[in-house]
Number of protein chains: 2
Amino acid sequence: MRWENLTQLKSYSKLKEAARVDVPAVMSGESGAERVKGYDIPMGGGLEFNYAARPVSEEILDILQELSDEQELGAKYEALYNGERVNTGENRMVLHQLCRGQLGNDVFDGNVNKREFFVEQQRRVAEFAGKVHGGEILNEKGEKFTTVVQIGIGGSDLGPRALYLSLENWAKVNDKLKMKAQFISNVDPDDATAVLYNVDIEHALFIIVSKSGTTLETLTNESFVKDALKKAGLDPSKHMLAVTSETSPLAGNPEYLDSFYMDDYIGGRYSSSSSVGGAVLSLAFGPEVFEEIMAGAAEEDVIAKNTDIRKNPDLLDALIGVYERNILGYPVTAVLPYSQALSRFPAHLQQLDMESNGKSVNRFGEPIDYKTGPVIFGEPGTNGQHSFYQLLHQGTDIIPLQFVGFRNSQMGNDVIIEDSTSQQKLSANVAAQIVAFACGKADENPNKCFAGSRSSSIIVGDQLTPKSLGALLAHFENKVMFQGFTWNINSFDQEGVQLGKVLAKKVLSKNTDGALTEYSKLLGIF
Amino acid sequence: MRWENLTQLKSYSKLKEAARVDVPAVMSGESGAERVKGYDIPMGGGLEFNYAARPVSEEILDILQELSDEQELGAKYEALYNGERVNTGENRMVLHQLCRGQLGNDVFDGNVNKREFFVEQQRRVAEFAGKVHGGEILNEKGEKFTTVVQIGIGGSDLGPRALYLSLENWAKVNDKLKMKAQFISNVDPDDATAVLYNVDIEHALFIIVSKSGTTLETLTNESFVKDALKKAGLDPSKHMLAVTSETSPLAGNPEYLDSFYMDDYIGGRYSSSSSVGGAVLSLAFGPEVFEEIMAGAAEEDVIAKNTDIRKNPDLLDALIGVYERNILGYPVTAVLPYSQALSRFPAHLQQLDMESNGKSVNRFGEPIDYKTGPVIFGEPGTNGQHSFYQLLHQGTDIIPLQFVGFRNSQMGNDVIIEDSTSQQKLSANVAAQIVAFACGKADENPNKCFAGSRSSSIIVGDQLTPKSLGALLAHFENKVMFQGFTWNINSFDQEGVQLGKVLAKKVLSKNTDGALTEYSKLLGIF
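About the criteria used
Residues numbered from 1 in each chain as written. Chains lettered and ligands numbered in written order. Predicted model: local features only at pLDDT ≥ 70, side-chain atom pairs only at ≥ 80, totals over all residues. Heavy atoms only, no water. Contact = heavy atoms within 4.5 Å. Buried area = accessible area lost by both parts, 1.4 Å probe. Salt bridge = Lys/Arg side-chain N within 4 Å of Asp/Glu carboxyl O. Least-squares fit on C-alpha atoms with pLDDT ≥ 70 in both. Axes fitted to C-alpha atoms, helices over the stretch in contact; angles between N-to-C directions. Helix = DSSP H or I, 4+ residues; strand = E, 2+ residues; numbered from the N terminus. Parallel < 35°, antiparallel > 145°, perpendicular 65-115°, else oblique. Left-handed = near helix turned anticlockwise from the far one by under 90°. Nonpolar A, V, L, I, M, F, W, Y, C, P; charged D, E, K, R; others polar. Pairing = 2+ DSSP bridges. Buried < 20%, exposed > 50% of the residue type's maximum accessible area, 1.4 Å probe, protein only. Arc of directions from axis to C-beta. Core = buried A, V, L, I, M, F, W, Y, C linked by side-chain atoms within 4.5 Å. 1 Å grid on protein atoms, 1.4 Å probe; cavity = no way out; pocket = protein on both sides within 12 Å on 5 of 7 lines; lining within 4 Å. Points joined across faces, edges and corners; volume = space filled by probe spheres on them.

**Notes on the interface of chain B and chain A**
When the parts come together, some accessible area is lost, and that loss is often what is quoted as the size of the interface.
Okay, so step 1: Listed by partner, the interface residues are 136 residues for chain B and 136 residues for chain A.
Okay, so step 2: In this assembly, chain B packs against chain A so that about 11400 Å² is buried in total across both faces, 62% of it on carbon and sulfur atoms.
Okay, so step 3: A per-residue breakdown of the area chain B buries against chain A is headed by His386(B), Tyr519(B) and Leu523(B), which together make up 7% of the total.
Okay, so step 4: Linking chain B with chain A are 8 salt bridges.

Here's what the structure looks like:
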């Protein structure tokens, strides 16, 4: 397999030379209508990916196809799901997709069939959740647990939290909310204190999530919870479970009701599909809802195998993103879901994308001379329209936009004001924004002038359900993976987080000098 | 007064020529310690602004001082608070600071002394809140109200929500939480439905916030609430109040218990200091807490009058930001509060900054040829460390960082693990991050190499209290204002939000063609 830097590819040189697209022109009139109808690809979970308003032409798409072929993106994905150690820096396989389906060959680690291992963990989680819901696992008073609290940080928090919030209201109206979930993540003592302040601790189960079993924030917050349980006269070992690796100090420890396992082949930011997401979501919504999320993700993973970029929304989204980043020079991408339920989905994507592809060396550890991952941010529409959209429309940098929209609300409650429902207003706004961003508007007064040419795509579905949510999750994971392959970087390590950890330990052991000493004084640490 | 484009200034040419600072060098060893001690300015509310790790030298600071003088930034601020119509596009004064103090001359609009007007609204809000808390204003059953729900979007939502969340836990432990506050903003029908699902509606007061009284999202959500009240057998006029302008249809309307006023001289994103923030925060925490927030902001506003940039943290932060944006070419700024209570403060700053300074024309409506406002994003630390910090440390763009930290937690509950409290761990992490970002670390393996030179500053305080929060709010408002003056743009209009509104109306009236029709079909609107 070829592993070449982006700028070494012949197709990349061609891409630089390709005629730029005049987005306002092609998105106007009949041409615009044709683009919206034609530039639309089915996704998993009943979603579709519409890229009419991205700055691509047939010529550019052809070159992106060449680039995909030249960089062997399809073969690299295949290598990944067949268990090749594509996480070169750490010499690890990358197996989150095995949690949701068997995409290729069986994958073994020594004698262990990894798919079987992940499925077994899911079965154990489902069994445990069933016992909690069914009243076999009860608190000391023999009462049912009503709340589950996840204690974890980074990937053990952002993904599971975003998914929980995405489905909490859906679950309420569909009678699927078995337990309310809360989350403790920050080492800020006020985070744990505030959550514990509100939790009915007697009826709460706590999940400690740490792969190594040594994450400082998580262990600290665990001890907050243990203190609170003891103060309430409760036995912590009857209220806690662990999600960790089999070799960690948390594994099989009698201090927990049970422990469920992930491993080093699933990075934190990709771990929502493992027990990290599985335990809390199965407890909150029931195992069958978690299975539906996985089924939607698995559908998307299969679609991502297609080497025809025009039929593979994950690959195409990735390649257009690279075009926007490296040829057009756009530094940031915004994620704008028109769904309040997706309020924390952008925060998850921020980690997924920026931690995976915020790299300056290639997969062999050699410095590279081109831009990699952009900054990712976003808030739900229509809220964002009344906030930062001013800059998106009229600012001095172009920010490509990734919209998400649904035809129906989750809760089905609506009102008609001025002849339309709120859901129609919501959808009308996202339709309007795409066209406004793409086409702009001339005006004699430059202050009222919109240049247009603001790139966007939209993912559309009937409703945000477990299945469509799973496909959405997998779409972005796969997009990030394909971009990493395109940039020839390792999307699965995170060496950039190490230095801060080392220096924080120095501060806590008072082994500092220079600026570090002075900042420590300024902050009142010593 | 001179109103010149940035690139026309002599000092700007000098700035381009100034020697760049080698941040890793100056931040190392004794030099670094001296910078941390020396580059520190007192702020309002007991805060301090430390800019040791920003890429400035004495030479650059001298030129920034020249730039401030040449662009007459102090005089422009003076003109603003003395009531000059600096919002040129809309021919309006900019008076949010008058809500918190009298900085200069009395300001009149016709015969109305505007400071007296704002103070009177605050007095009326305080009186109303006192009656609610004291049991003079009760629900139909003669019971006390326990919850307040703000219905507003953009500036009527983000600022007040961020401030409420900033103090909710502080209020709980200091016996100041009079009423729990919730917020409905999005036109997504699930937003209102979900909030109403959880609210004890019989004991809830709803504040409708819309300056014009015509904001579609807000009126739609109001009708959701009215429906819910009626369904519960309650009289909406006994549960609702309005914050609006005196000329709006909501003003003095018998459908509300009362109405409180702002005006066109306070933009939405600057309106937390007006009744928009005052009503909900006074009801939630009591009027004296809101007064404390305003007192902290007023202190900062006074400090912002100093024309010596080395003694004015708001002005200096603004100027260094312009240096980073226009000379060093950094496209994004991250806001990273090491305080879970500030979890939504970055979302407020995102609106404040991006809506104010995301402009491509100068204050006279003429196109400009230099970069203006950057993208703003952020999440609380330490959470961000386990998420997007990878890109901040090792990505291919440098992102300047604005840290915020406190010496003490708000709730005072803590545990000692491995010889340190959680609060010490939190502070140790922010100290470590600043040094890691600034100094970096060499390594034979480029994948473990940190280039450093990542600019940051930190605002430090003893504790996040109403007063320090007010100063923090005003700091960023003033920074944004000074940057707008520096760029010679109007930070107080938002023409960029208009086109989307017009097109959304077209969709809802089915008056569409081309791409807009097709997107409307795709989204199932028609």
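From this point, the discussion proceeds with the structure in view.
**Some details on the relation of the copies chain B and chain A**
Okay, so step 1: Rotating chain B by 180 degrees and translating it 0.0 Å along the rotation axis places it on chain A, where the RMSD comes to 0.0 Å. Put plainly, the chains are arranged around a two-fold axis.

**Observations regarding the packing of helix α18 (residues 514-522) of chain A against helix α15 (residues 422-439) of chain B**
Okay, so step 1: The geometry of α18(A) relative to α15(B) is characterised by a closest axis approach of 9 Å and an angle of 150 degrees between their N-to-C directions. As judged from the angle between their axes, α18(A) and α15(B) are roughly antiparallel. Seen along the crossing, α18(A) lies across α15(B) with a hand that is right-handed. Side by side, α18(A) and α15(B) meet where Ala515(A), Leu516(A), Tyr519(A) and Ser520(A) of the first sit next to Ala431(B), Ala432(B), Ile434(B) and Val435(B) of the second.
Okay, so step 2: Among the residues making up the contact of α18(A) with α15(B), the classes are represented as 7 nonpolar, 1 polar and no charged.

**Examining the sheet that holds strand β6 (residues 180-184) of chain A**
Residue and element names in this part refer to chain A.
Okay, so step 1: Reading across the sheet, the 5 strands line up as β6-β5-β7-β8-β9 and stay open at both edges, with parallel pairing between neighbours. Every interior strand has two partners, whereas the edge strands, β6 and β9 (259-262), have only one. Each strand of the sheet is rotated relative to its neighbour by a mean of 20 degrees, with strand direction disregarded.
Okay, so step 2: As defined by bridge partners, strand β5 (residues 147-151) adjoins β6 across 5 bridges and the pair is classed as parallel. Paired with Gln150 across the strands is Phe183, a residue of β6.
Okay, so step 3: Helix α9 (residues 216-231) contacts β5, β6, β7 (204-209) and β8 (240-245) of the sheet and is inclined by roughly 160 degrees relative to β7.

**Regarding helix α1 (residues 10-17) of chain A**
All names here are of chain A.
Okay, so step 1: Burial in α1 covers these residues: Ser11, Tyr12 and Leu15. Projected down its long axis, α1 carries its buried residues within an arc of 105 degrees, all on one side. Opposite the buried face of α1, at more than 90 degrees from it, the exposed residues are Lys10 and Glu17.

**Examining the nonpolar core**
Okay, so step 1: Ranked by size, the top nonpolar core spans 283 residues in total, and within it Tyr519(A) and Tyr519(B) carry the most contacts.
Okay, so step 2: For Tyr519(B), the contacting residues outside a window of four places in its chain are Met27(A), Val36(A), Asn50(A), Ala52(A), Ala53(A), Ala431(A), Ile434(A), Val435(A) and Ile458(A).

**Brief notes about the side chain of Ser387(A)**
Okay, so step 1: By the secondary structure assignment, Ser387(A) is in the loop between β11 (375-377) and α14 (389-394).
Okay, so step 2: Since its relative accessible area comes to 3%, Ser387(A) is described here as buried.
Okay, so step 3: Setting aside residues up to four positions removed in sequence, Ser387(A) forms contacts with Leu158(B), Ala347(B), Gln350(B), Gln351(B) and Glu355(B).

**Some remarks on the side chain of Asp317(B)**
All names here are of chain B.
Okay, so step 1: Note that Asp317 resides in helix α12 (residues 313-327).
Okay, so step 2: Owing to a relative accessible area of 1%, Asp317 belongs among the buried residues under this scheme.
Okay, so step 3: In this view, Asp317 contacts Phe49, Arg54, Gln402, Ser457, His475, Lys479 and Gln483; residues no more than four positions away in its chain are not counted.

**Describing empty space enclosed by the protein**
Okay, so step 1: Per the counting criterion, the structure on display carries 12 cavities of 30 Å³ or more.
Okay, so step 2: Lining of the largest cavity is provided by 16 residues; of these, Gly378(A), Glu379(A), Gln350(B), Gly378(B) and Glu379(B) occupy positions nearest its centre.
Okay, so step 3: Mapped onto the lining of the largest cavity, the elements with two or more residues apiece are α13 (345-357) of chain A together with α13 (345-357) of chain B.
Okay, so step 4: Here the lining of the largest cavity is composed, by residue class, of 6 nonpolar, 6 polar and 4 charged.
Okay, so step 5: Of the volumes computed, that of the second largest cavity is approximately 90 Å³.

**Regarding unusual backbone geometry**
Okay, so step 1: Here Gly381(A) and Thr382(A) are connected by a cis peptide whose omega angle stands at 10 degrees.
Okay, so step 2: Here Thr382(A) lies in the loop between β11 and α14.

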